[in-house]
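Overview (structure and organization)
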Amino acid sequence: MERLVFYVLVFGALVKAQHCPGRCICQTISPTLTLLCAKTGLLFVPPTIDRKTVELRLTDNFITAVRRKDFLNMTSLVHLTLSRNTISQIAPHSFVGLKSLRALHMDGNRLTVINSDQLKGLINLRHLILGNNQIHLIELSSFDEFVSTIEDLDLSYNNLRTLPWEAIARMTHINTLTLDHNLIDHISAGTFTLLTKLVRLDMTSNRLQTLPPDALFQQAQVLSEPRASSSSLLTVSFGGNPLHCNCELLWLRRLTREDDLETCASPEHLMDKYFWSIQEEEFICEPPLITKHQVTKPYVMEGQGVTLKCKAMGDPDPTIHWRFPDGKLVHNNSRTILYDNGTLDILITTMKDSGAFNCVASNAAGIATAAVEVNMIPLPLFVNNSGHMREADPGLSDITTSTKSGSNDTKPQNKRVLVENLTANSAVIHWPSERHIPGIRMYQIQYNSTLCVLAVYDDGITSLTATRVVGCVQFHTGAEAGQCRFIPSQFLGGTMIIIIGGIIVASVLVFIIILMIRYKAYSGADAAKAKVRGDAGVQVHSQTNGSHPGRSGSKQEVCPESPDAKDCKALATFQNFSPNMHILFQLTKYFNIFRLVLVLHNDII
């Protein structure tokens, strides 16, 4: 029995050892399962970790990345420590499913960016320690999962220039906010108003020149007495910042903080002085003083652009705004651009811009205004040949509008454009030369029930291509007479070639038939003559090759008796073969003619 119990204990120990990675310490005696793998040289999160682990510490190792499968199904995990590794990457949704996780320590790593999907799933997180990394960017929605549960946020010793202040302003349960040793140079006003449970705020060693006044700090004026010992007192640390000690920090000076050693970096007469030793009367501001206000052009043609400049000095640096002559505030839009340095660009002016623009410079000490006069000139008036001023002709667009006319409309048309030699499909148009318009490129004719002539020119005012109507005229053309439709020349030429070729072929066939008839008739006449000569005692000689009696003759010659045998042979040969040779010669000639016709036809097609 004792041996059986021993075997059961050994088996249970072996089973539990299978879930404990090598060189790690697994504490299974306590009610919660704890796994300690500190300084074990791990390169990644061990895959053999018990999924029921409650506390997991993997500090002082060489883990380089957090993979999505590392903490899969570890729903009981409450505390996770990955401090002092070399982690530079966190896979998206690596912590999804860790609904019980309360504390995540990742300080002392090499993180550079916190994306919005890297901390997804941490809906109950209370402690997030990301200090001592290289973080320079935190996306706006990175903290949204735990914004209502976070109590401790440590972002110290990073390279942060700004933070998702809107998310931080909603962390109503936060107790400690550590932002020291960063590059933060601005804090949005009202960020700490709702953080009523904030106990410690550390902003030392940043680049802050001022701190925005906040209702929470006004409450700290009473709670920050040196003798107070309550643990709920608000502690604000802002040493190591280049503070600009003017009236904007007067609210902070009124807090009793004699034990701190913060110093001022400016203005010059307060440089390197202890912040808390400076009297309240020395925290002063200078009202704005406008030093420059001008317009680049004294007179502005309607439609042109103009630039207004305004510079002001003061302590703190004043903010500059502009107001239109009618008193409305100038905003950035497609027509006006307002720069931070006080410059206002009006891209396209109108007659409403004529008047005094007001430059408004304001800071904590007061407001200063200065007027900048803009003189608008309407679009230029052109001079005609008589020397009198006349307004420009209407029509600055290429789109013309047809005039309404009825059958009984007898209004005189614009006689500047004349139509002559009017036919069914043509007309001669006359219009005067617009010499008073400089830079004319060309004339454009538009016809849409009304014919209009437009002059296209370079507008020297707006540096754009413009059009101006020279004149319009209405006319009606007569009905178009019926016209003969000619067969296309290509079709006609090809058809004629085919017809001629067919005629030639037919002629050749007819000629061949005639020759054949004549040949038959000629052969019949020769046979009759031979028969008559045979009856008259003409000798018929059979000529064989080699004069051998056993061979049949290949040719037969019929001739009368003659002392010259060679002449008889030649005559017989001519009489037998001359019709065939004649037919062959004629066929070859007509075939060549037909082939030439086909070649000419293909060239035309």
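The model shown is predicted, which means the values in this text are computed figures rather than measured ones.

**Quick look at the sheet that holds strand 3 (residues 55-57)**
The sheet built from 10 strands is open, its strands ordered 1-2-3-5-7-9-11-12-13-14 with mixed pairing. Both outer strands of the open sheet, strand 1 (25-27) and strand 14 (235-237), are each paired with one neighbouring strand and no more. Neighbour to neighbour, the strand axes of the sheet diverge by 5 degrees on average, direction disregarded. Pairing analysis gives three bridges linking strand 1 to strand 2 (residues 34-36), with the strands arranged antiparallel. By the bridge assignment for strand 2, Ile 25 is matched with Leu 36.

**Overview of the sheet that holds strand 23 (residues 355-363)**
Either a parallel or an antiparallel arrangement is found when strands of a sheet pair, and the pairing is made through backbone hydrogen bonds. Strand order in this open sheet of four strands is 18-24-23-20, and the pairing throughout is mixed. Of all the strands in the sheet, just strand 18 (299-301) and strand 20 (319-323) have a single pairing partner and so form its edges. Within the sheet, the average angular offset between the axes of one strand and its neighbour, ignoring direction, is 35 degrees.

**A closer look at unusual backbone geometry**
Looking along the chain, the bond that leaves Ser 266 and enters Pro 267 is cis, with omega of 0 degrees. Note that Pro 267 resides in the loop between strand 16 (264-266) and strand 17 (286-295). Cis peptide bonds are those with omega within 30 degrees of zero, and the linkage from Asp 315 to Pro 316 qualifies with 5 degrees. Positive phi, close to 65 degrees, is recorded for Asn 73, a residue that is not glycine.

**Section: a nonpolar patch on the surface**
On the surface, Met 496, Ile 499, Ile 500 and Ile 503 cluster together into a nonpolar patch covering about 350 Å² of accessible area. If you trace the backbone, Ile 499 turns up in helix 5 (residues 489-535). The class for Ile 499 is partly exposed, based on a relative accessible area of 42%.

**What to know about the environment of Leu 596**
Take Leu 596: it is sitting in helix 6 (residues 565-604). Residue class for Leu 596 comes out exposed when judged on its relative accessible area of 52%. Separated by 95 residues in sequence, Leu 596 and Gly 501 place their C-alpha atoms 9.6 Å apart.

**Some thoughts on the state of the cysteines**
Considering all chains together, one arrives at five disulfides under this definition. Each sulfur in the disulfide pair Cys 24 and Cys 37 lies 2.0 Å from the other. Handedness here is read from the sign of the S-S torsion; for Cys 24 and Cys 37, about 120 degrees, the answer is right-handed. One end of the pair, Cys 24, is in the loop between helix 1 (2-18) and strand 1; the other, Cys 37, is in the loop between strand 2 and strand 3, and 13 residues separate them in sequence. Across the pair, exposure class does not vary: Cys 24 and Cys 37 are buried alike.

Cut-offs applied
Residues numbered from 1 in each chain as written. Predicted model: local features only at pLDDT ≥ 70, side-chain atom pairs only at ≥ 80, totals over all residues. Heavy atoms only, no water. Pairing = 2+ DSSP bridges. Helix = DSSP H or I, 4+ residues; strand = E, 2+ residues; numbered from the N terminus. Axes fitted to C-alpha atoms, helices over the stretch in contact; angles between N-to-C directions. Patch = residues over 30% accessible without salt bridge, like charges linked within 9 Å, V, L, I, M, F, W, Y side chains within 5 Å. Areas by Shrake-Rupley, 256 points an atom, 1.4 Å probe, with all protein chains shown as cover. Salt bridge = Lys/Arg side-chain N within 4 Å of Asp/Glu carboxyl O. Buried < 20%, exposed > 50% of the residue type's maximum accessible area, 1.4 Å probe, protein only. Disulfide = S-S within 2.5 Å.

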